[in-house]
Amino acid sequence: KVIGYVYLSEYYYNVENESERSKALDEAKKLARQTQKKEDWAYVNFGYAKYYLTLNKNEQFVKAINQSIDTFLTLPNENFILTNAYYLQYKYIIKNNLETDLRQESYKAYEYAEKSKNSLFIALSNTSNSLVSYKAFKAALSSLSLLLEDISLIFMNLPDLSTLKLTITFPCSCSFFDIVG
């Protein structure tokens, strides 16, 4: 029943009914209190994490998603939900433009997608990995651009080289440059 209420809250999110969404999550929490099963609490935390993410309640999101993941990692056969949870972390990092290495969340989402054997999640995880690779490539290009700017500044600040005369003698001798001054 807890899972049903968590996914019902998603339905209410999709039809833009925040009050019913909140009620569905409250019902899930009430049931989890009654059962005291750790998997029920993991689903409740997962539901609240999604809820907090849409409301930009970042501290609550981080706490709920971490509690959910920590619990699901201790349970067998929860690969489907772990894929969702890691993908949710990934979305959080992207949404908040955090200067964070996304590879861990992306690879974890892919790892659990593979274990779940869900082809849609595997495809989504591959797309996430491609985006991470693109962001890493973009960061490397940015670093390269800064390096080229530095090199350019070095060359712009060199002394006047018009008085430098290059003399190359064949067969090669030890003296390559003759400075005329």
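These numbers come from a predicted model, not from an experiment.

It is worth spelling out the pattern of salt bridges at this point. As enumerated under the stated definition, the model contains five salt bridges in all. Of the charged contacts, one joins Lys50 and Glu10 as a salt bridge, the two residues approaching to 3.4 Å between their closest N and O atoms. One end of the pair, Lys50, is in helix 3 (residues 38-54); the other, Glu10, is in helix 1 (residues 2-14), and 40 residues separate them in sequence. Exposure remark for Lys50: the relative accessible area of 17% places this residue in the buried category. Lys23 is paired through a salt bridge with Glu20; the nearest N and O atoms lie 3.4 Å apart. On the criterion of helical spacing, the pair formed by Lys23 and Glu20 is a turn pair, its members being three residues apart in helix 2 (residues 18-35). Connected through shared salt-bridge partners, Glu10, Glu18, Arg21 and Lys50 make up one network.

What follows covers helix 5 (residues 79-95). Helix length check: helix 5 (17 residues) gives 24 Å between terminal C-alpha atoms against 24 Å at 1.5 Å per residue, within 8%. Burial analysis of helix 5 places 12 of its 17 residues in the buried class, which makes it a mostly covered element. Buried residues of helix 5: Asn79, Ile81, Leu82, Thr83, Asn84, Ala85, Tyr86, Leu88, Gln89, Tyr90, Tyr92 and Ile93, and no others.

The end-to-end C-alpha distance of helix 2 is 26 Å, a good match for the 26 Å that 18 residues give at a rise of 1.5 Å each. Listed in full, the buried residues belonging to helix 2 are Arg21, Ala24, Leu25, Ala28, Leu31 and Ala32. Here the buried residues of helix 2 occupy an arc of 120° about the axis, which is enough to place them on one side. Turned more than 90 degrees from where helix 2 packs its buried face, Arg33 and Gln34 sit exposed. Looking at the buried side of helix 2, the elements it contacts are helix 1 and helix 3. Just downstream of helix 2 lies Gln36, where phi reads positive at about 55°.

This structure, assessed with the given rule, holds six aromatic pairs. Considering the side-chain rings of Tyr43 and Phe72, the 4.9 Å spacing of their centres and the 80° angle between planes classify their relative orientation as edge-to-face. Within this pair, whereas Tyr43 is found in helix 3, its partner Phe72 is found in helix 4 (residues 58-72), the two being separated by 29 residues in sequence. The exposure classification of Tyr43 matches that of Phe72, with both residues buried. Where Tyr51 meets Tyr52, the ring centres are 5.9 Å apart and the plane angle is 55°; that geometry is what we call tilted. Each member of the aromatic cluster is reached from another via a ring pair, and the members are Tyr48, Tyr51 and Tyr52.

What follows deals with the nonpolar core. Core analysis: the biggest nonpolar cluster contains 28 residues, and Val2, Phe46, Phe61, Ile65, Phe72 and Leu88 have the highest contact counts within it. Every element with two or more residues in this core is listed here: helix 1, helix 2, helix 3, helix 4 and helix 5. No other element matches helix 3, which puts nine residues into this core. Not counting residues within four places of it along the chain, the set of residues in contact with Ile65 comprises Phe46, Ala49, Ala85, Leu88 and Gln89.

Conventions used here
Residues numbered from 1 in each chain as written. Predicted model: local features only at pLDDT ≥ 70, side-chain atom pairs only at ≥ 80, totals over all residues. Heavy atoms only, no water. Salt bridge = Lys/Arg side-chain N within 4 Å of Asp/Glu carboxyl O. Helix = DSSP H or I, 4+ residues; strand = E, 2+ residues; numbered from the N terminus. Buried < 20%, exposed > 50% of the residue type's maximum accessible area, 1.4 Å probe, protein only. Expected span 1.5 Å × (residues − 1). Arc of directions from axis to C-beta. Contact = heavy atoms within 4.5 Å. Phe/Tyr/Trp six-rings, centres within 6.5 Å; stacked < 30°, edge-to-face > 60°. Core = buried A, V, L, I, M, F, W, Y, C linked by side-chain atoms within 4.5 Å.

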